[in-house]
Amino acid sequence: MDAATEVADEVDVLVVGAGPTGLMLGAELALGGVRVQILERRTAAQRDSRALTLHPRSIELMDQRGLVERFLARGRAVPEWHFAGLDTRLDFSALDTRHGYTLFLAQARTEQLLTERARELDVPVRRGYEVVGLRQDAGGDGDRGDGRVGRPAAGGVEVDVRGPGGGLRTVRARYVVGCDGGRSAVRRAAGIAFPGTDETLTGVLGDFAVVDPAALDRARAAGVLVAPLEADGPADGPADGPADGPASGPAEGRTGGLTRLVLIHPRRMRTPSAEPLTPEEFRSSLVDLCGTDCGVAQPRWLSRFGNATRLAARYRAGRVLLAGDAAHIHFPAAGQGLNTGLQDAMNLGWKLAAEINGWAPPGLLDSYHAERHPVGQAVTENTEVQTLLMELTLLPPYQRPAAALRTLLTELLGIEEVNRRLAGRISALDTAYPPTAADADPPVGRRMPDIGLTVPGSAAIRAYELLPPGRFVLLDLAGDEQLRHTVTPGWGPRVTALTVTRHDHHTDLDGVREILIRPDGHIAWATRAPSLPDRRTERHRALTDWAGTPAQG
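Residues numbered from 1 in each chain as written. Predicted model: local features only at pLDDT ≥ 70, side-chain atom pairs only at ≥ 80, totals over all residues. Heavy atoms only, no water.

Q: Explain the nonpolar core residue by residue, including any values.
A: Judged by nonpolar contacts, the single largest core of 67 residues is most densely connected at Val-13, Leu-14, Phe-71 and Val-177. Broken down by element, the residue count for this core peaks at eight residues, all from helix H8 (residues 337–357). In contact with Val-13, other than residues within four places in its own chain, are Leu-29, Val-34, Arg-35, Val-36, Gln-37, Ala-173, Tyr-175, Val-177, Leu-352 and Ile-356. In terms of nonpolar packing, the next biggest core, distinct from the first, is built from 21 residues, Ile-451, Val-455, Val-500 and Ala-526 among them. (Core = buried A, V, L, I, M, F, W, Y, C linked by side-chain atoms within 4.5 Å. Buried < 20%, exposed > 50% of the residue type's maximum accessible area, 1.4 Å probe, protein only. Helix = DSSP H or I, 4+ residues; strand = E, 2+ residues; numbered from the N terminus. Contact = heavy atoms within 4.5 Å.)

Q: Explain the sheet that holds strand S23 (residues 472–476) residue by residue, including any values.
A: With mixed pairing, four strands are arranged side by side in an open sheet as S24-S23-S26-S27. Two strands lie at the open edges of the sheet, namely strand S24 (495–499) and strand S27 (523–527), each paired on one side alone. With strand direction ignored, the average angle separating the axes of adjacent strands in the sheet is 10 degrees. In this structure, S23 lies alongside S24, joined through five bridges in parallel fashion. (Pairing = 2+ DSSP bridges. Axes fitted to C-alpha atoms, helices over the stretch in contact; angles between N-to-C directions.)

Q: Can you tell me about the confidence of the model for the chain, naming the residues and giving the values?
A: Here the chain averages 91 in pLDDT, and 91% of its residues register 70 or above. In the model, residues 142–153 has pLDDT below 50 throughout and makes 20 contacts with residues more than four positions away in sequence or in other chains. For the stretch residues 232–256, pLDDT sits under 50, and the model shows 89 contacts to residues farther than four places along the chain or on other chains. (pLDDT = per-residue confidence, 0-100.)

Q: I'd like a description of a nonpolar patch on the surface, backed by residues and values.
A: Among the surface-exposed residues, Leu-405, Leu-408, Leu-412, Ile-415 and Val-418 lie close enough to one another that they form a single nonpolar patch of about 370 Å² accessible area. Mapped onto the fold, Ile-415 is located in the loop between helix H10 (399–413) and helix H11 (416–427). Look at Ile-415 and you get partly exposed, because its relative accessible area is 43%. (Patch = residues over 30% accessible without salt bridge, like charges linked within 9 Å, V, L, I, M, F, W, Y side chains within 5 Å. Areas by Shrake-Rupley, 256 points an atom, 1.4 Å probe, with all protein chains shown as cover. Salt bridge = Lys/Arg side-chain N within 4 Å of Asp/Glu carboxyl O.)

Q: Any details on the pairing of strand S13 (residues 202–210)? Residues and values, ideally.
A: The buried count for S13 comes to eight of nine residues, which makes it a mostly enclosed element. By the bridge criterion, eight bridges tie S13 to strand S16 (residues 297–306) in an arrangement that is antiparallel. Within S16, the residue paired with Gly-203 across the bridge is Phe-305. Pairing analysis gives five bridges linking S13 to strand S15 (residues 258–263), with the strands arranged antiparallel. Paired with Phe-208 across the bridge in S15 is Thr-259.

Below you can see the structure in the form of structure tokens.
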């Protein structure tokens, strides 16, 4: 086998799955100095695109790593989004972000850009390797048991892998992360329960090279979702899963590229998702719903997808962790699946790197489950609500009250505060992690606003421009000239400390004198203490709580 494609027998972290979540996590781990390897069962990159969107919080994450321009150059911004297809749209442009839009970008393109990122960070992605089993060392959970901070105790996971030629080999890793989808082999091998509900409803999607542009408005009026795909985007590929949220922006007839149509047929919505979808069935469904087959021809991908909804009972079992669809599956309502997976990866990457590098404070890695499991639960619940709102309109006994309910909800979304609240939830901009201290300042746990800053010896910058190295950022807004001298000796490799001379006003930060920003862009600590000695005491405690015990000497 070519050395460039050979699998390493021993790594710090083995990531299983080279979809967006796995690629993002691999890059984050490499940024933290971890020896990481990604294994993927498929022999080639996916060319069909189940997901089509990046929501505002995911775009912010790309901004925080200096990648956003790559994505913006390939996508199309859509300022409005939808909830359950209601007529009144969610206004992302009104949210407190520089990226108040969803980015219409095929998953295949997202994976390509993240693969480039992984390559830049020397993350090996090995294709054609399937995990068939794993074993954890007894007691090898990194717990020293003596209260001391340092490199975790020896231990790890042995992973049995079947290669492209069918041969078996064993890879040893200190940690394994399953990013291998809803049928996760890692989750099953680790014995992690996946409770939830089986599918009761299915929809269909088709990507077509030819459509009749004049018929698309009729399709939209009948509830068919229409979305254009870029000309050099998805092509033939296995129908292996659902679209993760069809775009709701305008689409024109395609002379190049593809057009995606997504629908739920009332008489076929109980068809099992495993049953193959034929072009004839798709055309027949279009005729039934809107009186025309919309001229669809030359299908490139057809898929049936269901509303099975499950959430892993735990995101961590010893040295095995889960992220993305391996941890949560749901109906592709409002395009949240891929985005939630990227945000899982951003939360986990720096914490796992800290554990591997031996400076993680107690409980840091466990906070991954504590912070992200409630997010997964919220997403599965709101997608179930959206699915119900769509399904009831297709059931004759409920059509009239369901239509009235949708009308009422559409009117409520016209209320600015209601719209903003739901938009914040779907965009993930309102994701706030519970503070660890009872007396934490109100911004703690929320995402850091991307305010403009001026620091000595530097031109004006944005807060997010400080985050690409993947380190903590400590901002002193009150002018402690000794800030670096008090931070650098012990936490220098983990924390960037800056005294800010000027900054943009932001209501949430009124009166805040110091802020500690986590590597994932959330606020770890903030203080309004007027006394400099008090702030230094609080600062030392916060840095120890989050960035570990300071290095000696």
